[in-house]
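Structural overview for review
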Amino acid sequence: MSKQEVALFKTVDVVSLGCSKNLVDSERLMAQLKANNIRVTHDAEKPKGEVAVINTCGFIGDAKEESVDTILQFAELKRRGKIKKLYVMGCLSERYRKDLTESIPEVDKFYGKFDWSGIITELGATYRRDLMSERSVTTPTHYAYLKISEGCNRMCSYCAIPLITGRHTSRPMEEIIAEVEHLASLGVKEIQVIAQDLSSYGTDLYKENKLAELIDKISQVDGIQWIRLHYAYPAGFPKDILPVMANNPKVCKYLDLALQHISDHMLGVMLRKINKEQTLALLKEIREKVPGIHIRTTFIAGHPQETEEDFKELMEFVREAKFERLGVFPYSHEEDTYSYKHYEDNIPDEVKQQRAEAIMELQCGISQELNSKKVGSMMKVIIDRYEDGQYIGRSEFDSPEVDPEVIITTDRQLKVGEMYEVRITSAEDYDLMAMI
């Protein structure tokens, strides 16, 4: 790109798709561009820039479809002269760069997941290593996501993420703490700790698990009030985090622990390196050592080899375990994964969907039952927004966007980003109603 062209491009749209880990990458890119005096916007619906950068997701079929559709929408904007340049980066681009280059020639250049300096240079800017800990936060200013590692060594049968992101790599503690301090200086109160595998933090860098120590250090940063843990792996779960969760008031009694299945047959097929007995023992220990904890988990419905008996066993497990938060994904047959190479994707899509819906229907009743027990109790909530005459908040048991909300009716003027004590007045299937 010539100097004359660089002078023309003062505004860049960064469109972020997929998970919160992708969002963190987009926020880092935005901070780099702003440091180079480039105006950055973050609105896929109303793009305002002369240049668009799309950070894609390539995890499962639906996510890939959304990414391709978004690229095509922006390619059409470029054909109509609404934008001048179009770049694509991220997981989908990392995985399918050659195919995408041939099929969508309107894109000026494709970048992988980690080539930030390349795309920054392409935009006429200078990559600054001194800004590694800085981000342009796009979430509401009172919470932010914090990625503590990249990649995964687990190699579960169905998962393409290790093929995209590579082996598990922990970030140094001092780098993470510097980022938390920066976020706190911006007014962030709630830290959503994320990784593909929290359970392995530190094992590569420090030769032992350091998650408990890291969370304790994050809690010591002034201004941080809540810390929430996402995406722990059950095999090799670091149990020394449990006393920290139980005793540190800043650490939310919330754990995102993806189990994926419960039958020994399917856990073996999925290469999960844990069995049913070990899973049940782990859940028992977590609940005993962290009273009141809310566990979020996810399952896969319709993975190859899943029999009706396997599915019934999973349903019975969900019925008995009574998870506070739960999600289900119909299986997606991803190229180059172990399952793709070794199993035929022979469970019809409608059966996958039916199984997923059956689990969620069961979970709806469980959620209603658990919520009803909270009626009349006092709860601390953080206010996310004001909408339709009501304040929408979350408790320590709820992560943004994926979990239930607390809907508050009051004549008082509350402040977004502040915490308040509320009384729960009624319960719906998922959301709670409350008053000050």
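All of the points below concern the structure found in this document. (Residues numbered from 1 in each chain as written. Predicted model: local features only at pLDDT ≥ 70, side-chain atom pairs only at ≥ 80, totals over all residues. Heavy atoms only, no water.)

Attention now moves to the pairing of strand E12 (residues 294-301). Buried residues dominate E12, accounting for 8 of its 8 residues. The alternating pattern of E12 places His294, Arg296, Thr298 and Ile300 and Ile295, Thr297, Phe299 and Ala301 on opposite faces, both of which are buried. Alignment of strand E11 (residues 251-257) against E12, held across 3 bridges, turns out to be parallel. By the bridge assignment, leucine 255 is partnered in E12 with isoleucine 295. Bridge count for E12 against strand E13 (residues 325-330) is 6 bridges, and the pairing is parallel. Its bridge partner being in E13, alanine 301 is matched across the sheet by proline 330. (Buried < 20%, exposed > 50% of the residue type's maximum accessible area, 1.4 Å probe, protein only. Helix = DSSP H or I, 4+ residues; strand = E, 2+ residues; numbered from the N terminus. Pairing = 2+ DSSP bridges.)

Here we come to the pairing of strand E15 (residues 390-394). In terms of residue burial, E15 counts as a mostly covered element, since 4 of its 5 residues are buried. Across 5 bridges, strand E14 (residues 378-387) lies against E15 in antiparallel orientation. Paired with tyrosine 386 across the bridge in E15 is tyrosine 391. Remark: 2 residues form the turn of the hairpin made by E14 and E15, two consecutive strands paired antiparallel; aspartate 388 in that turn has positive phi of roughly 55°. As paired strands, E15 and strand E16 (residues 406-408) are joined by 3 bridges and run antiparallel to one another. Note on E16: the bridge partner recorded for tyrosine 391 is isoleucine 408.

All right, on to the packing of helix H7 (residues 173-185) against helix H8 (residues 211-219) then. At a minimum axis distance of 10 Å, the contact between H7 and H8 shows a crossing angle of 30°. Here H8 runs roughly parallel to H7, going by the angle between their axes. With respect to the hand of their crossing, H7 and H8 are arranged in right-handed fashion. Along the contact surface, H7 presents Met173, Ile176, Ile177 and Val180, while H8 presents Glu213, Leu214, Lys217 and Ile218. Class assignment for the residues of the contact of H7 with H8 results in 6 nonpolar, no polar and 2 charged. (Axes fitted to C-alpha atoms, helices over the stretch in contact; angles between N-to-C directions. Parallel < 35°, antiparallel > 145°, perpendicular 65-115°, else oblique. Left-handed = near helix turned anticlockwise from the far one by under 90°. Contact = heavy atoms within 4.5 Å. Nonpolar A, V, L, I, M, F, W, Y, C, P; charged D, E, K, R; others polar.)

To continue, consider the packing of aromatic side chains. All told, the structure shown has 6 aromatic pairs when counted by the stated rule. Note on phenylalanine 317 and phenylalanine 323: the rings are 5.5 Å apart at their centroids and 70° apart in plane angle, and the pair reads as edge-to-face. You'll find phenylalanine 317 and phenylalanine 323 in the same group, each marked buried. Each ring, one from tyrosine 338 and one from tyrosine 343, has its centre 6.1 Å from the other, and the planes form 65°; the classification is edge-to-face. Tyrosine 338 sits in the partly exposed class, given a relative accessible area of 34%. Ring pairs connect the aromatic residues Phe299, Phe317 and Phe323, which therefore count as one cluster. The side chain of lysine 21 reaches across the aromatic face of tyrosine 231, ending 4.7 Å from its centre. Of note, arginine 394 hangs over the ring of tyrosine 143, and the distance from its end group to the ring centre comes to 5.2 Å. (Phe/Tyr/Trp six-rings, centres within 6.5 Å; stacked < 30°, edge-to-face > 60°. Lys NZ or Arg CZ within 6 Å of the ring centre and 35° of its normal.)

This paragraph deals with the side chain of aspartate 310. Mapped onto the fold, aspartate 310 is located in helix H12 (residues 308-321). Among buried Asp, Glu, Lys and Arg side chains, aspartate 310 stands out as unpaired, with arginine 355 the closest opposite charge at 7.3 Å. With sequence-adjacent residues up to four places away left out, aspartate 310 is seen in contact with His261, Ser263, His265, Met266 and Gln305. (Lys, Arg positive; Asp, Glu negative; His and termini not counted. Salt bridge = Lys/Arg side-chain N within 4 Å of Asp/Glu carboxyl O.)

What follows concerns the nonpolar core. A general feature of soluble globular proteins is that nonpolar side chains tend to end up buried together. Core analysis: the largest hydrophobic core is formed by 56 residues, its most contacted members being Ile148, Val193, Ile215, Ile218, Ile241 and Leu257. The element contributing the most residues to this core is H7, with 6 residues. (Core = buried A, V, L, I, M, F, W, Y, C linked by side-chain atoms within 4.5 Å.)

The residue aspartate 222 is located in the loop between H8 and strand E10 (226-232) in this model. Of the residues examined, aspartate 222 reaches a relative accessible area of 68% and is grouped as exposed. As a C-alpha pair, aspartate 222 and lysine 189 span 33 residues in sequence and 9.2 Å in three-dimensional space.

Reading across from one edge, E2-E1-E3-E4-E5 is the order of the 5 strands in this open sheet, with parallel pairing throughout. Two strands in the sheet have a free side with no partner beyond their single neighbour: strand E2 (39-41) and strand E5 (109-110). Pairing of strand E1 (residues 11-16) with strand E3 (residues 51-56) involves 5 bridges; the strand directions are parallel. Following the sheet pairing, valine 15 is matched in E3 by isoleucine 54. Where helix H2 (residues 20-35) meets the sheet, it contacts E1, E2, E3 and strand E4 (85-90), and its direction lies at approximately 170° from that of E1. Packed onto the sheet, helix H4 (residues 91-103) meets E3, E4 and E5 and runs at close to 125° relative to E4.

If you check H7, its first and last C-alpha atoms are 18 Å apart, about what 13 residues at 1.5 Å a residue would give, namely 18 Å. Those residues of H7 not exposed but buried are Met173, Ile176, Ile177, Glu179, Val180, His182, Leu183 and Ala184. The secondary structure elements touched by the buried residues of H7 are H2, strand E6 (143-147), strand E9 (190-194) and H8. The first or second residue beyond H7 is glycine 187, which carries a positive phi of 105°. (Expected span 1.5 Å × (residues − 1).)

Here we take up the state of the cysteines. Disulfide: a covalent bond formed between the sulfur atoms of two cysteine residues. For the structure on display, the rule yields 0 disulfides. For cysteine 91, which is in no disulfide, the shortest distance to another cysteine sulfur is to cysteine 57 and amounts to 5.9 Å. (Disulfide = S-S within 2.5 Å.)

Turning our attention to the environment of alanine 358. Along the chain, the position of alanine 358 falls in helix H14 (residues 349-372). Separated by 183 residues in sequence, alanine 358 and glutamate 175 have C-alpha atoms that sit 44 Å apart. Leave out the neighbours within four places in its chain, and alanine 358 touches Phe311 and Met315.

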